[in-house]
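The lines below spell out each chain.
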Amino acid sequence: MTAAGASTVGHDPEGRFVPLIYWAVGKGLIGAITHTFAPLRTYGRDRVPRHGGAVLAMNHFHAIDPACFGVACPRRVVFAAKIEAHATPGLGQLIRWHGTLAIRRGESDRDALRRMRETVRNNDMLGMFIEGTRQCAGRPGEPKPGAAMVALTEGVPVIPAAVHGSFGWRFGSFQRVGIAFGEPMRFGMYPRTSSGYRAASAEIMAEITRLWEFLCDMGERQFPDAVPPRRARVPSRLG
């Protein structure tokens, strides 16, 4: 993905990343609004690699989740979002200025996969909600293979991350939201096949669920200072 210069602000027909929009509107204005109406408590920020291509794999409950993860993450996240969001007046232009990729849910989208692979190849962090859509049951759901597919084919790590507190969030409720980042995961031991993608996805989802359970416990205790527990196995396996 090509980064546009600040001079392109206000005219960006290709939907490229505009740095000034990101820092002023994304981290600035949207960050302030998010902290005000959904006070964030973030755990494990130091686990996020500051450089290099990576996939940020997250669970998803509410439309506010992208803002919460984007504000909590110490580096820019290139989100993959359903194509319908790009067609929403105002929102569509804003997320394109942030570099968000358009995804056709439920369809084979080779162009979207190509752009997702290019994102991590360009040393950016690709953000994917691993379940593919918001979960209505209030707990993490079944994973889709997209995040694992990008990670395995490009040889980049997956950073698992969980959100808790956004389920049932309403504007004006000032409900606290917790975000937890896990340790980088690599999957060089899995083949680049559908079975390999499924196995890696299951492992990613298990870690996200573990982080979510940690956040549930923290939420019951009003989000005290804490460190997410480390994985039982070696946290980052090199392929």
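Above this text you will find the structure in question.
A short tour of the structure in this document, coming up. All of these numbers come straight from a predicted model, not from anything done at the bench. (Residues numbered from 1 in each chain as written. Predicted model: local features only at pLDDT ≥ 70, side-chain atom pairs only at ≥ 80, totals over all residues. Heavy atoms only, no water.)

1. A few points about helix α6 (residues 146-154)
Piece 1. In terms of burial, α6 is largely enclosed, as seven of its nine residues are buried.
Piece 2. Buried within α6 we find A147, A148, V150, A151, L152, T153 and E154.
Piece 3. Against β2 (54-58), α5 (110-121), β5 (125-129), β6 (158-164) and α7 (194-220) lie the buried residues of α6.
Piece 4. Following α6 by one or two positions, G155 has its phi on the positive side, about 65 degrees. (Buried < 20%, exposed > 50% of the residue type's maximum accessible area, 1.4 Å probe, protein only. Helix = DSSP H or I, 4+ residues; strand = E, 2+ residues; numbered from the N terminus. Contact = heavy atoms within 4.5 Å.)

2. Some remarks on the environment of W212
Piece 1. Considering the arrangement of structural elements, one finds W212 in helix α7.
Piece 2. By relative accessible area, W212 is classed as buried at 9%.
Piece 3. Once the C-alpha coordinates of W212 and A180 are considered, the two residues, 32 residues apart in sequence, prove to be 7.6 Å apart.
Piece 4. W212 has contacts with N59, F61, G138, R139, P140, A162, V163 and H164, leaving out every residue within four places of it along the chain.

3. Some points on the pairing of strand β7 (residues 177-181)
Piece 1. For β7, a buried count of five out of five residues is recorded, marking the element as mostly surrounded by other parts of the structure.
Piece 2. Residues V177, I179 and F181 point to one face of β7 and G178 and A180 to the other, with burial holding for every one of them.
Piece 3. Relative to β7, strand β1 (residues 40-43) runs parallel, the two being bridged by four bridges. The residue of β7 that forms the bridge with R41 is G178. (Pairing = 2+ DSSP bridges.)

4. Observations concerning the packing of α5 against α6
Piece 1. The geometry of α5 relative to α6 is characterised by a closest axis approach of 10 Å and an angle of 55 degrees between their N-to-C directions. Here α6 runs oblique to α5, going by the angle between their axes. In this structure, α5 crosses over α6, and the sense of that crossing is right-handed. Each of L113, M116, R117, V120 and R121 in α5 lies in contact with α6, whose residues at this interface are M149, V150, T153 and E154.
Piece 2. Its residues placed into classes, the contact of α5 with α6 shows five nonpolar, one polar and three charged. (Axes fitted to C-alpha atoms, helices over the stretch in contact; angles between N-to-C directions. Parallel < 35°, antiparallel > 145°, perpendicular 65-115°, else oblique. Left-handed = near helix turned anticlockwise from the far one by under 90°. Nonpolar A, V, L, I, M, F, W, Y, C, P; charged D, E, K, R; others polar.)

5. Re the packing of α6 against α7
Piece 1. With their axes 8 Å apart at the nearest point, α6 and α7 run at an angle of 115 degrees to one another. The angle between α6 and α7 places the two elements in the roughly perpendicular class. By crossing handedness, the relation of α6 to α7 is classed as right-handed. Along its contact with α6, which presents A148, M149, L152 and T153, the element α7 presents G196, Y197, A200, S201 and I204.
Piece 2. Classifying every residue of the contact of α6 with α7 by side-chain character gives six nonpolar, three polar and no charged.

6. Digging into α7
For an α-helix the count is 3.6 residues per turn, leaving residues at separations of three or four pointing the same way.
Piece 1. The terminal C-alpha atoms of α7, which comprises 27 residues, lie 39 Å apart, in line with the 39 Å expected from a rise of 1.5 Å per residue.
Piece 2. Once α7 ends, the next one or two residues include Q222, with phi positive near 65 degrees. (Expected span 1.5 Å × (residues − 1).)

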